Amino acid sequence: MTEQSATDPGDNPPQPSSTHLVLIPSYNPGAQVYDTVRAARARWAPVWVVVDGSSDGSAEGLQALAAADAQLRVMVLPENRGKGAAVLHGLDAAAAAGYTHVLTMDSDGQHPADRIPVFMAASQQQPRAMVLGVPVFDASAPNLRVQGRKVSNAWANLETLWAGIGDSLYGFRVYPVEALRRIMHRQTWMRRFDFDPEAVVRLSWAGIPAVNLPAPVRYLRAEEGGVSHFNYWRDNALLTWMHTRLFLGFVLRLPLLLWRRLRGG
């Protein structure tokens, strides 16, 4: 099987990759998920969706799409377990099928499907690395969200001794499968909203370099089909606890991180 190039697909369907797949965790996304999946499939094959206990009927609709598309796979979890848990389910399945890398993207239409080939090409060129999206915001972005992420990014950069994480929260990124699976199976964290920032910090601790690429982000209004499950108090409390334990881990790892920095690694 051949790898897809980072060019506009035009009228040609993407050729299936034997190493890289798109993984979309999905929880009650509404009708927008179908546009998201179709856009991803127009740019890459295969695309897998993990339905995280959705109750909005999207599981059935996605399964109907998959029945007509051999390069679309839909996995349905019986109950909501959180984004990180859904990603881990997909990672385990990807590893079992022989895939080495996954590009994660949200199901709600915020992430740019047209950037998938560019990110996959960067990953194919540097397979040891994680390829991180750095969000390019437009006028639709809530200022509270834009400003608030700066706090998490500052903590993530401190916890990794400024190892090059461009953005800790943006979930449009490519992960090396085995490196992330090893980290997640060693502990019980990273299963919900804390998944994205904790994943990049712990991968950085494990010596995985970061490649940062710009990627537009769009916040859809409710009338456009936008659905948000972000809860300001709950999720920020989760992030605060996450950074507390990561900072403690950073203190324990500081000698190793300093040694790497002195070696230029």
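Data block above holds the structure.
Residues numbered from 1 in each chain as written. Predicted model: local features only at pLDDT ≥ 70, side-chain atom pairs only at ≥ 80, totals over all residues. Heavy atoms only, no water.

## Some points on the overall build of the chain
Working step 1: Of the regular secondary structure elements, the chain holds eight helices and seven strands.
Working step 2: Across the 265 residues that make up the chain, the buried fraction comes to 52%.
Working step 3: In the chain, 80% of the contacts between residues at least 6 apart in sequence involve partners at least 24 apart.
Working step 4: Split by element, the accessible area of the chain, about 12200 Å² in all, is 57% carbon and sulfur. (Helix = DSSP H or I, 4+ residues; strand = E, 2+ residues; numbered from the N terminus. Buried < 20%, exposed > 50% of the residue type's maximum accessible area, 1.4 Å probe, protein only. Contact = heavy atoms within 4.5 Å. Areas by Shrake-Rupley, 256 points an atom, 1.4 Å probe, with all protein chains shown as cover.)

## Re the packing of helix H6 (residues 177–186) against helix H7 (residues 195–205)
Working step 1: Running from N to C, H6 and H7 point in directions that differ by 105°, and their axes come no closer than 10 Å. Considering their axes alone, H6 and H7 lie roughly perpendicular with respect to each other. Counted together, Ala179, Leu180, Ile183 and Met184 of H6 and Phe195, Ala199, Arg202 and Leu203 of H7 form the full contact between these two elements.
Working step 2: Per-class residue counts for the contact of H6 with H7 are seven nonpolar, no polar and one charged. (Axes fitted to C-alpha atoms, helices over the stretch in contact; angles between N-to-C directions. Parallel < 35°, antiparallel > 145°, perpendicular 65-115°, else oblique. Nonpolar A, V, L, I, M, F, W, Y, C, P; charged D, E, K, R; others polar.)

## Some remarks on the sheet that holds strand E6 (residues 173–176)
Strand pairing in a sheet is mediated by backbone hydrogen bonds. Such pairs are either parallel or antiparallel.
Working step 1: With mixed pairing, seven strands are arranged side by side in an open sheet as E3-E2-E1-E4-E6-E5-E7. Two strands bound the open sheet, and with one partner strand each, they are strand E3 (72–77) and strand E7 (210–217). Looking at each pair of strands side by side, their axes are set apart by 25° on average, direction ignored.
Working step 2: Note that strand E5 (residues 130–137) and E6 share two bridges and pair antiparallel. Within the sheet, the bridge partner assigned to Val131 lies in E6 and is Val174.
Working step 3: Running over the sheet, helix H1 (residues 32–43) touches strand E1 (20–26), strand E2 (47–52) and E3 and is turned about 175° from E1.
Working step 4: Against the sheet, H7 touches E5 and E6, its axis set at about 45° to E6. (Pairing = 2+ DSSP bridges.)

## Concerning the pattern of salt bridges
Working step 1: This structure, assessed with the given rule, holds 11 salt bridges.
Working step 2: In this structure, the salt-bridge partner of Asp194 is Arg245, at a minimum N-O distance of 3.0 Å. Remark: Arg245 occurs in helix H8 (residues 232–263) and Asp194 occurs in the loop between H6 and H7; sequence separation between them is 51 residues.
Working step 3: Residue Asp194 is classed as buried on the basis of its relative accessible area, which comes to 3%.
Working step 4: On the basis of relative accessible area, Arg245 is assigned to the buried category, the value being 9%. (Salt bridge = Lys/Arg side-chain N within 4 Å of Asp/Glu carboxyl O.)

## Some details on the pairing of E2
Working step 1: Most of E2 is tucked away, with six of its six residues classed as buried.
Working step 2: Where burial is concerned, the two faces of E2 agree: the one with Val47, Val49 and Val51 and the one with Trp48, Val50 and Asp52 are both buried.
Working step 3: With H1 bridging E1 and its parallel neighbour E2, the resulting β-α-β unit is right-handed.
Working step 4: Across six bridges, E2 lies against E3 in parallel orientation. Following the sheet pairing, Val50 is matched in E3 by Met75.
Working step 5: For the handedness criterion, the β-α-β arrangement of E2, helix H2 (residues 58–67) and E3 is classed as right-handed. (Right-handed = clockwise from strand over helix to strand, strands pointing away.)

## What to know about the environment of Ala59
Working step 1: In this fold, Ala59 is placed in helix H2.
Working step 2: Exposure remark for Ala59: the relative accessible area of 8% places this residue in the buried category.
Working step 3: In the structure, Ala59 is positioned 18 residues away from Leu77 in sequence and 9.6 Å away in space, judged by C-alpha atoms.

## Observations concerning the packing of aromatic side chains
Working step 1: Considering all chains together, one arrives at seven aromatic pairs under this definition.
Working step 2: Ring centres of Phe119 and Phe172 lie 4.8 Å apart, and the angle between their planes is 70°; on these two criteria the pair is classed as edge-to-face. With Phe119 in helix H4 (residues 116–125) and Phe172 in the loop between helix H5 (143–159) and E6, the pair connects residues that are 53 residues apart, well separated along the chain. With respect to class, Phe119 is no different from Phe172; both count as buried. (Phe/Tyr/Trp six-rings, centres within 6.5 Å; stacked < 30°, edge-to-face > 60°.)

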